[in-house]
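Spelled out from the first residue to the last, the chains are:
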Amino acid sequence: MSRIKKLRVSIYGQLVFWTSVILVLLMFGVLFIIQNREVKSIYQDKKNRGLVMVRYIAEMNVRRLVLWDLDPIDENISGLIRDDLAYVIFYDRNGRPVVVSESIAGNADVINQTSCAGRVSPEDVFYRNISLVSQGKSYKVMEIEIPIFVPGSETKWGSVKIGLKLEDVQERIYKTRLVLLGFGLVALLLTILSSNLLARRITRPIKNLVEGTKRISRGDFTYRIPVISSDEIGELTQSFNEMTEQLLIARRQTEEANRRLVQAEKLASIGRLSATIAHEIRNPLTSVKLNIQKLAESEKLDELEKEHLAIAQEGIDQIEKFIKELLSFTRASVLQPDYFSMEEILEESLKMLKPSLAEKKIILEKDFEKDLPQAYVDGDKLRQVFLNVLRNAYEAVNEGGKIEISLRMNREKDRPCFEIRISDNGCGIPEKDWENIFEPFFTTKSSGAGLGLANARRILEQHGGTIKVVKKDGPGSCFLLTVPCQTPSREE
Ligand SMILES: Nc1ncnc2c1ncn2[C@@H]1O[C@H](COP(=O)(O)OP(=O)(O)OP(=O)(O)O)[C@@H](O)[C@H]1O
Ligand SMILES: [Mg+2]
């Protein structure tokens, strides 16, 4: 089946074309009417002037015609033939030419043509346009003929006809057309320009909308289409932006759900692995440990052998600690919440770390908001969270370093929450690892298990809270922890 490719004509192109066509047709219609009126009025001017002239000639010569004194008439009219007056012809009552101006003598067609041969009334005026050829040049003439009556009587005595050259009329018509054509061209230009502007005005929001849909279809949900009109397209753009906002929220939620799913799967496989490790390693390890202990108690050993055994014991202790940490991390435990003072939990965590802090001469700065409500949380678990983060800070700073802890309540959100910031001026974390450090087993330390932060995030998420690294001024890193301020029913 052959596919016919449809010619793509943009809305912009269609608008420009159709508005231009309509405006041009309208404009030419108007110009045509103006031109016709102008031409009519130019001819009317000529007619009026001719009528005045022919009446004047008739009046001047009526007595002479009545008295049949034709020679003075001839003299009189030969003096009048100049400018646009081409000829004058007097006819008798029967329509026979009696006086003919020199300028038309010999042109029998013109001379013998009279409109007043029959019955006419004194008010009758006859007009006729004819073409004449003189010296090989053709020109147009307007003939005006009126009957001559004896003054005070109803007897027709003859008629007089004049021929007026229409050169000036044609010149005026030509000039008028030229002006109108110029005007038409300017109007045509303005029409195309204005239809262009109009089309651009109408299609710009549509173009923006198309651009927006393309970007969103490429997955850029952060893009917002500028709303530049308050019409239906503006409304559509607004709704589109709202839809994109919803899509962005949905995508973030899906990503978060996916992350949690992956995390849960990871934890489950770590759980299975650690159970196997516990089963397969712990028992032989205990037996190795007991045997080494027994061996160490022997009095036959010299100092060097005792030293080697002590190193082996240390290694076994480290393996045991790791297995313990692994098991405690993977053991899915249910929260046991109660009312606690957040400040107290923080203080208790600090207390556990105090000897180490003192040893490294670390400066501790606390900034706790006063009179905060009690938190409904699992105190032991949160203590573990703070301890993990604080221990990392302690490990990151050099001797004499500084750790800052702040506690405040963020009431701006729809769900108020405790915000705990723990920052240090230690080695810092490269921005590319800000998310990775929460992955289980991610560590940069030789003796680290890489489970401290993964554990902290899991516990906080169980509480509906969050933990992330945020920007800070100066060297070091800053962790922001949030715990929702829950108000459960008293029965809980
Ligand atoms: N305050 C900090 N300053 C610099 N790096 C940090 C800080 N906190 C965490 N990190 C980095 O994040 C990594 C992961 O920390 P996490 O606490 O999960 O594991 P760990 O400290 O390596 O081992 P452990 O399981 O014993 O806590 C660390 O190895 C370290 O590279
Ligand atoms: Mg740690």
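Residues numbered from 1 in each chain as written. Chains lettered and ligands numbered in written order. Predicted model: local features only at pLDDT ≥ 70, side-chain atom pairs only at ≥ 80, totals over all residues.

Draft legend 1. Broad picture of the sheet that holds strand 11 (residues 466-470). Taken in spatial order, the 5 strands of this open sheet run 7-9-10-12-11, and their pairing is mixed. The open sheet is flanked by strand 7 (363-368) and strand 11, the only strands paired with a single partner. Geometrically, the sheet is characterised by an average inter-axis angle of 15° between neighbouring strands, direction not taken into account. Note: strand 11 against strand 12 (residues 477-484), 5 bridges, orientation antiparallel. Note on strand 12: the bridge partner recorded for V469 is F479. Lying on the sheet, helix 7 (residues 342-359) is in contact with strand 7, strand 9 (402-410) and strand 10 (417-424); it crosses strand 9 at an angle near 175°. Helix 9 (residues 452-462) rests against strand 11 and strand 12 of the sheet, and its axis sits at about 130° to strand 11. (Pairing = 2+ DSSP bridges. Helix = DSSP H or I, 4+ residues; strand = E, 2+ residues; numbered from the N terminus. Axes fitted to C-alpha atoms, helices over the stretch in contact; angles between N-to-C directions. Contact = placed C-beta atoms within 7 Å.)

Draft legend 2. Geometry of the environment of P122. Locating P122 in the fold gives a position in the loop between helix 3 (108-111) and strand 3 (126-134). Placed 75 residues apart in sequence, P122 and L197 show a C-alpha to C-alpha distance of 63 Å. Apart from the residues within four sequence positions on either side, P122 is in contact with P147 and F149.

Draft legend 3. Layout of the domain arrangement of the protein chain. Each assigned domain of the protein chain is listed with its residue range as follows: domain 1 (11-175), domain 2 (232-328) and domain 3 (334-484). Using C-alpha coordinates to define each centre, domain 1 is positioned 116 Å away from domain 2. (Domains from an automatic or database assignment.)

Draft legend 4. Molecular detail of the sheet that holds strand 1 (residues 85-92). Overall, antiparallel pairing links the 5 strands, which are arranged 2-1-5-4-3 in an open sheet. Strands with a single pairing partner mark the edges of an open sheet, and in this sheet they are strand 2 (97-100) and strand 3. Averaged over neighbouring strand pairs, the angle between their axes works out to 25° when direction is ignored. Sheet topology places strand 1 next to strand 2; 3 bridges connect them, and they run antiparallel. Note that in strand 2 the partner of Y91 across the bridge is P97. In this fold helix 1 (residues 11-66) packs onto strand 1, strand 3, strand 4 (137-149) and strand 5 (156-165), with an angle of close to 140° to the strand it touches most, strand 5.

Draft legend 5. Spotlight on the packing of helix 1 against helix 4 (residues 167-217). For the pair helix 1 and helix 4, interaxial distance at closest approach is 8 Å and the crossing angle is 160°. Here helix 4 runs roughly antiparallel to helix 1, going by the angle between their axes. When you trace helix 1 past helix 4, the crossing you get is right-handed. A breakdown of the residues in the contact of helix 1 with helix 4 according to their chemical character gives 23 nonpolar, 9 polar and 4 charged. (Parallel < 35°, antiparallel > 145°, perpendicular 65-115°, else oblique. Left-handed = near helix turned anticlockwise from the far one by under 90°. Nonpolar A, V, L, I, M, F, W, Y, C, P; charged D, E, K, R; others polar.)

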